[in-house]
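Here are the chains, one letter per residue:
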Amino acid sequence: MKWLFLFLLLFGLSAQSQNNWQIHVIDNSSSGADGVKLADINNDGRLDIVTGWEEGGQTKLYVQPELNLVKEKWPTVAVGKTPNVEDAVFADMNSDGNLDIVSCTEGNTRKIFVQWNLGKDVLQAENWKQEILPASDGLMMWMYAEPLQLDNRNGVDLVAAGKNENAAIGWFEAPANPDKLKDWIWHEISSVGWVMSILKKDMDDDGDMDIVISDRRGKLQGCRWLENPGAGELQKQPWLNHFIGAKNLEVMFMCMADVNDDGIEEAIVCERKNNTVKIFKRLDKQGIHWEEKSFQIPVSTRTAKSIEVGDMNNDGVKDFVLSTNTNGKAQNGLLWLDGKSLANYKPTDWQNISEAHNSKYDKVELIDLDNDGDLDVLICEENFGENSRGLGVVWYENPLDPVKKGVLLYENPLATKEEVKDWLMEGPGVVEFKDGWMEMYSPNEKYHHVFWCPEDFPGSFVAEWELQNLEPDAGLCIIFFSAKGDNGESIFDPSFPKRDGTFSQYTKSKYFNNYHISYYANGRDNREREVAHLRKNKGFVNVQVGEPGIPIKSTEIHKMTLIKDDAHIAMFVDGR
């Protein structure tokens, strides 16, 4: 195989500045936007949104547009009139392959509506039909619903919960013909005060889904989970309750995430009595015993509303995103906290996402909407009324630059023999120069060969180069980097044995360590593997199996970017 190489650039890696989150409005045409739920309703590979507009009295669908239009207002349709709507969610209620929408209402309405998707253009209002779920009518103020197959019969069932008088959580059992909403049967499984979250999790690892809730008010106030007794008559009776924590606190939205990357999810919730974020670590497999860690949120943000977890700055550490209700004050109601700061936490560590204004943010959702490799923040701001300045359905663009270059450390056009006179070839490799490109190969494909840049670089850097495969019949193209002797020596230390390109001399050396990435993988012993491996040597340890590298049949010119930020490594082929 033969490769052409052009331009090698190495930069230091500068610190990332996290500010200037740009807001993009998806819709602000109605009043009192109350929550966002995500699903791909039209099977185009992009997640769409459903939102209930509480004071506007309608449920609206938003279809995510092509990437070049995602920062504009999204195509939308009102799928139903839903006075006092509190939440809406996607669910295929009749198992016909089309996602329907379920809307929960409170106030004086107190119904659950089903907006049936008729299987045609979803952006046309006439292609939706709205009906009331009879068993829900007047039963309570309905807050939230989630589709969940519970009894292994008749398609998806529906878990739902409410607030205040007669409030409960339970499930609607789907009948043999789910289109007949009158035949759906309600089963109460626990009383509640004011449910804020419904999460579907197998908490006891027994193969069925349990239900995790945050309950804001009432005798069972706090975070808890309800143990699914398994399909059968017991499922229709009250379920066994297990507290996670935050008893007798006004808990708001919660989430579950593996905060410390130990393979076990923590429960994370914000509460209003003391205005804290609480992290509950599971201490046993059964989910019975939990350990609490708590930290105060800034007083200036007013009252907590939701907390979500994700790696916001791509450093491999989970971060926190907080939304609040600023209670009529012009404050920053949307913030994020770098997870690395938890060890020595101060309330001033939070960084602003939103600008200061009177805000009533809802639940945070983290999603990369602009497809640039970092998580953006999708949210509703539900202020309403003529002078409320309610933002509606919006998203904040993460300003993270995945390749934040610092000072230029090294530059080489790789265009002439003179420019690589200090480089070292190991093995029977040849370099020639044509039309400003360096061509590298082994005559008659004799053996492996490694061409070393002789410079030392810091532990954090950005490297960029271009290359083209002239003979894509078979072979590997690998970059070795961060190579250092066991005792800090140069890998060219004269006391080390001479190397001749034999692969094991680089991956299982007794003298030095390095990383390598096989970014073109079409070896004769593993044809068309294509996926790129990151390995740590010595030992040939497979650290990560990545996405496909350079396409094995490609003869195009490709731009490579390698980023090493201390212990965090990322590689991009043509920006992906």
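What comes next concerns the included structure. (Residues numbered from 1 in each chain as written. Predicted model: local features only at pLDDT ≥ 70, side-chain atom pairs only at ≥ 80, totals over all residues. Heavy atoms only, no water.)

**Re the sheet that holds strand S20 (residues 266–271)**
The antiparallel open sheet is built from four strands, whose spatial order is S19-S20-S21-S22. Both edges of this open sheet fall to strand S19 (251–257) and strand S22 (290–296), since each of them pairs with a single strand only. With strand direction ignored, the average angle separating the axes of adjacent strands in the sheet is 20°. In the sheet, S19 pairs with S20 via five bridges, with the strands oriented antiparallel. Bridging from a neighbouring strand, Met 256 pairs with Ala 267 of S20. (Pairing = 2+ DSSP bridges. Helix = DSSP H or I, 4+ residues; strand = E, 2+ residues; numbered from the N terminus. Axes fitted to C-alpha atoms, helices over the stretch in contact; angles between N-to-C directions.)

**Some remarks on the nonpolar core**
If you look at the biggest cluster of nonpolar residues, it comprises 40 residues, and the most contacted ones within it are Ile 169, Ile 198, Ile 268, Phe 320, Leu 322 and Trp 350. Here this core takes four residues from S19, the largest share from any one element. In contact with Leu 322, not counting residues within four places along its chain, are Cys 270, Val 277, Ile 297, Ala 304, Ser 306, Ile 307, Gly 333, Leu 334, Leu 335 and Trp 350. Counting 32 residues, the second largest nonpolar core, distinct from the first, contains Trp 465, Leu 467, Tyr 515 and Tyr 519. (Core = buried A, V, L, I, M, F, W, Y, C linked by side-chain atoms within 4.5 Å. Buried < 20%, exposed > 50% of the residue type's maximum accessible area, 1.4 Å probe, protein only. Contact = heavy atoms within 4.5 Å.)

**Remarks on the sheet that holds strand S10 (residues 128–132)**
Read from one edge to the other, the open sheet built from four strands follows the order S7-S8-S9-S10, with strand pairing classed as antiparallel. Edge strands, defined here as strands with exactly one partner in the open sheet, are strand S7 (85–91) and S10. Adjacent strand axes in the sheet meet at a mean angle of 20°, parallel and antiparallel pairs treated alike. The pairing of strand S8 (residues 100–105) with strand S9 (residues 112–117) spans four bridges and is antiparallel. Looking at the pairing, Cys 104 lines up with Ile 112 of S9.

**Considering the pattern of salt bridges**
For the structure on display, the rule yields 34 salt bridges. A salt bridge links Lys 37 to Glu 146; its shortest N-O distance comes to 3.3 Å. With Lys 37 in strand S3 (residues 33–39) and Glu 146 in strand S11 (residues 141–148), this pair connects stretches of sequence that are 109 residues apart. We note that Lys 37, like Glu 146, is buried. (Salt bridge = Lys/Arg side-chain N within 4 Å of Asp/Glu carboxyl O.)

**Focus on the packing of aromatic side chains**
In this structure the tally under the stated criterion is 19 aromatic pairs. Taking 5.4 Å as the distance between ring centres and 40° as the angle between the ring planes, the aromatic pair formed by Phe 496 and Tyr 511 counts as tilted. With Phe 496 in the loop between strand S38 (475–485) and helix H1 (504–507) and Tyr 511 in the loop between H1 and strand S39 (512–522), the pair connects residues that are 15 residues apart, well separated along the chain. Taking the relative accessible area as the measure of exposure, Phe 496 reaches 10% and is therefore buried. On the basis of relative accessibility, which here comes to 36%, the residue Tyr 511 falls in the partly exposed class. The rings of Phe 295, Phe 320, Tyr 345 and Trp 350 are connected pair by pair, giving a single aromatic cluster. Across the ring face of Trp 194, the terminal group of Lys 163 is positioned such that the distance to the ring centre comes to 4.1 Å. Over the face of the ring belonging to Trp 194 we find Arg 216, whose NZ or CZ atom lies 4.1 Å from the ring centre. (Phe/Tyr/Trp six-rings, centres within 6.5 Å; stacked < 30°, edge-to-face > 60°. Lys NZ or Arg CZ within 6 Å of the ring centre and 35° of its normal.)

**Section: the environment of Pro 229**
If you trace the backbone, Pro 229 turns up in the loop between strand S17 (222–227) and strand S18 (240–245). In this structure, Pro 229 is in contact with Leu 234, Gln 235 and Trp 239, ignoring residues within four places of it in sequence.

**Considering unusual backbone geometry**
Cis rather than trans, the peptide bond between Asn 537 and Lys 538 has omega equal to 20°. By secondary structure assignment, the location of Lys 538 is in the loop between strand S40 (531–537) and strand S41 (541–548).

**Concerning the pairing of strand S23 (residues 303–310)**
The element S23 is largely enclosed, with a buried count of eight among its eight residues. In terms of strand pairing, S23 meets strand S24 (residues 319–325) through seven bridges, oriented antiparallel. What sits directly across from Ala 304, in S24, is Thr 324.

**Things to note about the pairing of strand S12 (residues 157–163)**
Burial of S12 is extensive: seven of the seven residues sit out of reach of the surface. Burial of S12 is two-sided: the residues Asp 157, Val 159, Ala 161 and Lys 163 facing one way and the residues Leu 158, Ala 160 and Gly 162 facing the other way are all buried. In the sheet, S12 pairs with strand S13 (residues 168–173) via four bridges, with the strands oriented antiparallel. The residue of S13 that forms the bridge with Ala 160 is Gly 170. In this structure, the hairpin formed by S12 and S13 is closed by a connection of four residues, where Asn 164 is found at a positive phi of approximately 65°.

**Thoughts on the environment of Gly 546**
Among the structural elements, Gly 546 can be located in strand S41. In this structure, the C-alpha to C-alpha distance between Gly 546 and Ala 570, residues 24 residues apart in sequence, is 9.6 Å. Among all residues touching Gly 546, those that are not within four sequence positions of it are Val 531 and Ala 532.

Keep in mind that these numbers describe shape and distance, not what the molecule does.
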